[in-house]
Amino acid sequence: MNNSQKHTARKEGLVIQEMPDEVLVFDLEINKAHCLNETSAFVWKACDGKNSVADITKLFGDKSGTLVPEDLVWLALDQLKKENLIENTNEIVVDFNGMSRREVIRKVGLASVVALPLISSLVAPTDVSAQTSCASSHRAIGCHCDNSSQCASGNCANGTCAAAVRGGKKNIELKQQK
Amino acid sequence: MSKQTIQNDFFTDKQIKFQAFGVKIGIEAEKILYLEQIYRLLEKTFPTGFEKVQEQEIEYRFIIKSNKTERGERFNLFRNDEKVIEEAGGEFFFQMVESEVRITVAEFAVSRVFLHAGVVAWKNQAIVIPAKSYSGKSTLVAELVKKGAVYYSDEYAVLDAAGNVQPFPKWLSLRGIVDPYTQLECSVESIGGIAGTKTIPVGMVLMAQYKRGKKIPKRWCPRRLSSGQAIMEILPHALPIRNKPKFVLEVLNKLASRAIIVKTVRGEAKDFATTLLNYFTIQTD
């Protein structure tokens, strides 16, 4: 792998919230939130367009007071690339010398005392507000419906979600379908 | 034509107009009877009251239109010309209007973050329980109140810019009395509790998933979440996340830096409420 590659963390269209050991990033373009753990966050912040992968590896080693394998930084870059948190992602070539990602993770995990890079992500739901409204897939009693599966009660009566029927109308309908 | 029986600053001819949490609302209908029904429901949702608003300031205008069909009278609700409820039956329509108005306030509240969550206060700190509908949130809140916790809300945790929580003591919506889905509204006083009046710091956020029959050990030791993990868990319950993500993240960061945030699987609300209050007392003493 080319450890002289230099990368720049994307900042445009992101809301960034720093925390003691983590960084939260909200991508405004796709309404997706990412939580970068300490290792991912360090690598991401070190991507200033000047530091090479070798530089970042050394900086991280200095910070954690231990020898850090370069693959650890590559693993982080690989994830950052996937989540579009690095500029010009097409230019990033991540090649683990023929090893699979899983093999690299195992190798790095055994060789390193620092945490593996981790990014957890979620798309901000569109229907937080709809959870109690008629736009939900589990509509409340009184909402318009075409069939019982649209109603939380499982009972669509005359085009309106009604109270549950004892024995469960949804179940009865399912049994009939079978 | 029926006569208007409610007389106040928020009621004008064929219109209700008010401001709640900085959101300026107008509701129009052909019949004053419809508006009065909605107003009575909104009074229960916003027991702390409304503020006045001028006609030209209204940002969210709801219009109710009814039509006669072979299935009886059906109602449509429009919000700023967009149809939000279609062909609803009369029996529950007004509750649905209340719900849409409440959601609009929650989504666009000024300088506030509304989380879909139950909230109680214990020893002057809030326990916030984010959860989806039909997850037993109100039932757990009711059990906590019965054990002496102060009621803040069974629907929303209203966070201010500092990450503190203020009361939203709407009437409790309890299911499972008539059947698992029918919701009954009751005041906190009717279950022997009291509602909070002050803004308080958040002491704990509980991410709990209900599992029927789950037994909680005597020495309950839930998984503590890091600030980042906690915010990721809470985010799906934050109503304005798409409208104002920067503000939401700032507020949640303040909350997460101070509160205990735990994740667990819980069993029946009655048993779990005692465990939860004991744990919170030990952790905060």
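Residues numbered from 1 in each chain as written. Chains lettered and ligands numbered in written order. Predicted model: local features only at pLDDT ≥ 70, side-chain atom pairs only at ≥ 80, totals over all residues.

Let us now look at the overall build of chain A. Scanning chain A from N- to C-terminus turns up 5 helices and 8 strands. Going residue by residue from the N terminus, the α and β elements of chain A occur as β-β-β-β-α-β-α-α-α-β-β-β-α. A fraction of 47% describes how many contacts in chain A between residues 6 or more apart in sequence connect residues 24 or more apart. (Helix = DSSP H or I, 4+ residues; strand = E, 2+ residues; numbered from the N terminus. Contact = placed C-beta atoms within 7 Å.)

What follows deals with the overall build of chain B. Helix and strand counts for chain B stand at 6 helices and 16 strands. Against the compact-globule benchmark of 19 Å for 285 residues, chain B has a radius of gyration of 20 Å, which places it among compact chains. Viewed in the frame of its principal axes, chain B has a C-alpha envelope of about 65 × 40 × 30 Å. Going through the 285 residues of chain B one by one, you find that 44% of them count as buried. Residue pairs at least 24 apart in sequence account for 69% of intrachain contacts in chain B once pairs closer than 6 positions are excluded. (Rg over C-alpha atoms; globule rule 2.2 N^0.38 Å. Buried ≥ 20, exposed ≤ 12 C-beta atoms within 10 Å, placed from the backbone.)

Grouped together as the largest cluster of nonpolar side chains are 122 residues, with contacts concentrated most on V43 of chain A together with I38, L115, V120, V128 and V165 of chain B. Broken down by element, this core gets its largest block of residues, 10 residues, from helix α2 (residues 90-108) of chain B. Discounting chain neighbours no more than four positions away, the residues touching V165 of chain B are V119, A126, V128, Y152, A157, V158, L159, T199, I200 and V202 of chain B. (Core = buried A, V, L, I, M, F, W, Y, C linked by C-beta atoms within 7 Å.)

What follows is about the packing of helix α2 (residues 53-64) of chain A against helix α3 (residues 70-82) of chain A. All names here are of chain A. Close contact between α2 and α3 brings their axes to 9 Å; oriented N to C, the two are set at 110°. By the angle class used here, α2 and α3 are roughly perpendicular. Seen along the crossing, α2 lies across α3 with a hand that is right-handed. Residues V53, I56, T57 and F60 of α2 lie in contact with α3, whose contacting residues are E70, V73 and W74. (Axes fitted to C-alpha atoms, helices over the stretch in contact; angles between N-to-C directions. Parallel < 35°, antiparallel > 145°, perpendicular 65-115°, else oblique. Left-handed = near helix turned anticlockwise from the far one by under 90°.)

This part takes up the environment of W171 of chain B. All names here are of chain B. Note that W171 resides in the loop between β11 (165-166) and β12 (172-174). Separated by 127 residues in sequence, W171 and K44 have C-alpha atoms that sit 5.8 Å apart. If near-sequence neighbours (up to four positions away) are discounted, W171 is found in contact with K44, E185, C186 and S187.

In this section: unusual backbone geometry. We note that N31 of chain A has phi near 55°; this positive angle belongs to a residue other than glycine. With respect to the secondary-structure elements, N31 of chain A resides in the loop between β3 (23-27) and β4 (32-36). You can call N31 of chain A partly exposed: it has 15 C-beta atoms within 10 Å. Residue N124 of chain B is not a glycine yet carries a positive backbone phi of 65°. Tracing the backbone shows N124 of chain B in the loop between β7 (113-122) and β8 (125-130).

Here the focus is the sheet that holds β3 of chain A. Note: strands within a sheet are paired through backbone hydrogen bonds, in either parallel or antiparallel orientation. With antiparallel pairing, 4 strands are arranged side by side in an open sheet as β2-β3-β4-β6 (chain A). The two strands at the open ends of the sheet, each matched to only one other strand, are β2 (14-18) and β6 (119-123) of chain A. Here the average twist between neighbouring strands, direction ignored, is 15°. Where β2 of chain A lies against β3 of chain A, 5 bridges are found, and the strand directions are antiparallel. Looking at β3 of chain A, one finds that I16 of chain A is bridged to V25 of chain A. Against the sheet, helix α4 (residues 227-234) of chain B makes contact with β3, β4 and β6 of chain A, and its axis sits at roughly 160° relative to β4 of chain A, the strand it touches most. Against the sheet, helix α5 (residues 245-258) of chain B contacts β2 and β3 of chain A, and its axis sits at roughly 10° relative to β2 of chain A. (Pairing = 2+ DSSP bridges.)

Turning to α3 of chain A, a few remarks are in order. Residue and element names in this part refer to chain A. Counted at 1.5 Å a residue, the expected span for α3 with its 13 residues is 18 Å, and the 19 Å between its end C-alpha atoms agrees. When α3 is considered as a whole, its buried residues turn out to be D71, L72, V73, W74, L75, A76, L77, Q79 and L80. Looking one or two places after α3, you find N84, whose phi comes out positive at around 60°. (Expected span 1.5 Å × (residues − 1).)

Glancing now at the domain arrangement of chain B. Note: interface size is frequently given as the accessible area lost on complex formation between the parts. All names here are of chain B. With domains assigned, chain B is organised as domain 1 (11-108) and domain 2 (113-284). Each of domain 1 and domain 2 has a C-alpha centre, and these two points are 28 Å apart. Counting residues at the interface gives 7 residues for domain 1 and 10 residues for domain 2. Mapped onto the side of domain 1 that touches domain 2, the elements with two or more residues apiece are α1 (32-45) and α2. Here the side of domain 1 that touches domain 2 gets 3 residues from one element, more than from any other, and that element is α2. Residue classes in the side of domain 1 that touches domain 2 are distributed as 3 nonpolar, 2 polar and 2 charged. (Domains from an automatic or database assignment. Nonpolar A, V, L, I, M, F, W, Y, C, P; charged D, E, K, R; others polar.)

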